[in-house]
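Report on the structure
Chain residues, written in single-letter form:
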Amino acid sequence: MNAAEELKNLLPGSVVSTGLQLNKPMAVIKKEELLKAAGKAKEMGFDHLSVITGIDYKDHFEVIYNFFSYNKKQNLALKVNLDHDKPEVESLTGLWNGADWLERETFDLVGIKFIGHPNLVRILLPDGWNGHPLRKDYDMNTEQFVTIGENGDDVVSTDGTNLLRRK
Amino acid sequence: MESDELLINMGPVHPSTHGVLRFKLRMDGESIRECTPVLGHLHRGTEKIGEMKTYLQFIPYTDRLDYISAFPNNYAFVKAVEELAGIEVPLRAEYIRVLTMELNRIVNHLVSIGSLLMDLGAATMIMWGFRERENALQLFEMLCGARMTFNYIKPGGVREDIPDGFMPKLNEFLKDMEKRIDDYEQLINGNEIFHMRMKNIGVISAKDAVNYGWTGPTLRGSGVDYDLRKYEPYSIYPDLDFKVCVRNEGDSFARFIVRMDEMRESLHILRQVVDNMPASKEISSAKYGIAPMTGTPTAVSSYFPRIFTPPPGEVYSRIEAPKGELGFYVVSDGTTKPYRVKIRSPSFCNLTAIPSLVTGLKIPDLIAAFGTIDVVLGDVDR
């Protein structure tokens, strides 16, 4: 029995299905129950949150959490499916400090809201950027320019006529 | 004693931030009350580029993530693609890959230690480190024509075979390097000022380090015996003899010593690779690889199928890069381009802990603690 099936036995109401992410056990979790399932995974010994991946599938979003256990030397992946109109899921920052920036990055680039995150602001792009670049409907044709405002903050605009640019 | 709060802006152009990183510091007198890193000055949208390029076209972009050690970046992405498509790699190619990656690990640690010492005010080590690095870069140049951005490892194998005259030069490097590491230890390890700057600075417990998602030498400096090469082995690492370097103190000095020890282990691995290198000239898989050099340079790349479509699926594949766990999450939808490429970069995840690490310390301690985390901003901002 792999780790995903083990989790299903412990939380039959939260796990929708189990399967494989190529060669790693993966469990699909109900989106309301993610925090509970991740907490249970941490109790099972999965102490390393490796990566959080958000994917835009045009009709829905997926968020995938890859865990690893240093004691058991095992992998586990959890996946949640989110509505495209309302991409929201609970934050794991209470369980893993490392989730902080990973969730901010996913918010910044994919536009998924993590409920309960203490400081959910953009991390790689400046505040005020329009759109989330890793969404499939992101507008690639509109150029955006970043300048420094009066108080030192970044100012984003779509008007590049005032910039010093090589013709 | 109460003093006024002072806001200090450190970076983005500051020599000890190793690139373009900005710290916003709230100071209470001389000690740091709050440290907020501001990222993104080098953000190039590599993940978005990944969705717009074919699998083969994306490999050069991975070179530009962690540009100090680009071979492991190449390999991490290629490994994900090979797992997706189920490509077999000949043994000689795997040996060459490990050879390049371990050489790159030495280069990375030389730069890391050199720049750390320079930030602390000792200029000798960076001169010495760059002297040895130059020899390694010349080896890379012999191998693939490039010194820092290689585009050398391809799905199914490597691009070119080892050229004549490479092995003797490598052996010379290995022999030389052994003595050099002794020199470094003599120069640095006993230095009292260095001890005072490094010991008990930026201490993090094993539990916290795991909780923050630390990996690589930084995690091993906190006493967690973990190395993907050992415990989730890939390539030819199961056949190689090496030990995982661990220190228990969890301070900046421990992280520094782990890097020194790892250079010796890499030399040990390299000697085994040189001794056991398979004699066959097969450097790429029959189905997907690049045919060996036949004399005309154009023949090299033309053997890889123009239309390469891995079956639909998703994979998270990770390796032990010099800075920590480097992972690629690749989703294929059966077309020639990946549907999504997510990069889990060690620098980004290791940097998460810096605010908690330096709160209450002074600015020179921030430089020491930050130097031992060893980030490259191309890898942080992607």
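Residue positions are counted from 1 within each chain, in the order its sequence is given. All chains are assigned letters beginning at A, and all ligands numbers beginning at 1, according to the order in which they are written. Under the rules for a predicted model, residues below a pLDDT of 70 receive no local features and side-chain atom pairs below 80 are neither given nor counted, while totals for whole chains, interfaces and linings still include all residues. Neither water nor hydrogens contribute to the side-chain values; these are computed over all heavy atoms in the structure.

Re the overall build of chain B
Short version of the rule: Helix numbers and strand numbers start at the N terminus; a helix is a DSSP run of H or I with at least 4 residues, a strand a run of E with at least 2. Here the globule rule reads 2.2 Å times residues to the power 0.38, and the radius of gyration is calculated from C-alpha atoms. Each residue is placed in one exposure class: buried if its accessible area under a 1.4 Å probe, protein chains only, is under 20% of its type's maximum, exposed if it is over 50%, and partly exposed if it falls in between. Any two residues having at least one pair of non-hydrogen atoms within 4.5 Å are treated as being in contact. Only the protein chains shown count as cover for residues, and all accessible areas are computed by the Shrake-Rupley method using a 1.4 Å probe. Think of it this way: Lys and Arg go in the positive column, Asp and Glu in the negative one, and His and the chain ends go nowhere. A charged residue contributes its charge at one atom only: NZ of Lys, CZ of Arg, CG of Asp or CD of Glu.
Of regular secondary structure, chain B possesses 16 helices and eight strands. Here the C-alpha atoms of chain B give a radius of gyration of 21 Å, agreeing with the 21 Å that 2.2 N^0.38 yields for 382 residues. In terms of overall dimensions, chain B has C-alpha extents of about 75 × 45 × 35 Å along its principal axes. Burial statistics for chain B: of 382 residues in total, 61% are counted as buried. Contacts spanning at least 24 positions in sequence make up 70% of the contacts within chain B whose residues lie at least 6 apart. Carbon and sulfur atoms provide 54% of the accessible area of chain B, an area that totals close to 14100 Å². The average position of the 44 basic charges and that of the 50 acidic charges among the side chains of chain B differ by 4 Å.

A few points about the interface of chain A and chain B
What counts is decided by this rule: Accessible area, probed at 1.4 Å, shrinks when two parts are joined; the buried area is that loss added up over both. Gly is put with the polar residues, along with every residue not named as nonpolar or charged; the nonpolar set is Ala, Val, Leu, Ile, Met, Phe, Trp, Tyr, Cys and Pro, and the charged set is Asp, Glu, Lys and Arg.
In this complex, chain A contributes 43 residues to the contact, which on the side of chain B involves 40 residues. With both sides pooled, the region where chain A packs onto chain B buries about 3600 Å², and carbon together with sulfur makes up 58% of that total. Of all residues in chain A, the largest losses of buried area upon contact with chain B belong to Tyr70(A), Trp101(A) and Leu124(A), amounting jointly to 20% of the total for that side. Looking at the side of chain A that touches chain B, the elements that each hand over two or more residues are strand S3 (48-56), strand S4 (60-69), strand S5 (74-83) and helix H3 (99-110) of chain A. Counting residues per element, the side of chain A that touches chain B draws most heavily on S3(A), which supplies nine residues. Classifying every residue of the side of chain A that touches chain B by side-chain character gives 22 nonpolar, ten polar and eleven charged.

Notes on the nonpolar core
The test is simple: Think of a nonpolar core as a cluster: buried Ala, Val, Leu, Ile, Met, Phe, Trp, Tyr and Cys residues, connected wherever their side-chain atoms sit within 4.5 Å.
In this structure, Tyr65(A), Phe256(B) and Phe328(B) are the most contacted members of the largest nonpolar core, which totals 154 residues. The element best represented in this core is helix H4 (residues 91-120) of chain B, accounting for 13 residues. Each residue touching Phe256(B), except ones within four places of it in the same chain, is listed here: Ile113(B), Leu116(B), Leu117(B), Ile188(B), Asn189(B), Phe194(B) and Met198(B). Listed in part, the seven residues of the second largest apolar core include Val51(A), Ile55(A), Tyr316(B) and Val331(B).

Some details on the state of the cysteines
As a reminder, the rule being used: Cysteine sulfur atoms that come within 2.5 Å of each other are treated as a disulfide pair.
Across all of its chains, the model carries zero disulfides over all chains by this definition. Free cysteine: Cys35(B), not disulfide-bonded; nearest cysteine sulfur from Cys349(B) at 17 Å.

A closer look at the pattern of salt bridges
Residues and elements named next belong to chain B. This is how the line gets drawn: We count a salt bridge whenever a side-chain nitrogen from Lys or Arg sits within 4 Å of a carboxyl oxygen from Asp or Glu.
Under the criterion given, the structure shown has 45 salt bridges over all chains. Residues Arg26 and Glu5 are paired through a salt bridge, measuring 2.6 Å at the closest nitrogen-oxygen approach. Residue Arg26 is found in strand S2 (residues 22-28), and its partner Glu5 is found in strand S1 (residues 5-10); the two are separated by 21 residues along the sequence. The class of Arg26 is partly exposed, set by a relative accessible area of 28%. As a salt-bridge pair, Asp161 and Arg92 come within 3.2 Å of each other at their nearest N and O atoms. With Asp161 in the loop between strand S5 (157-158) and helix H6 (166-188) and Arg92 in helix H4, this pair connects stretches of sequence that are 69 residues apart. The pair Asp161 / Arg92 is uniform in exposure class, with both members buried.

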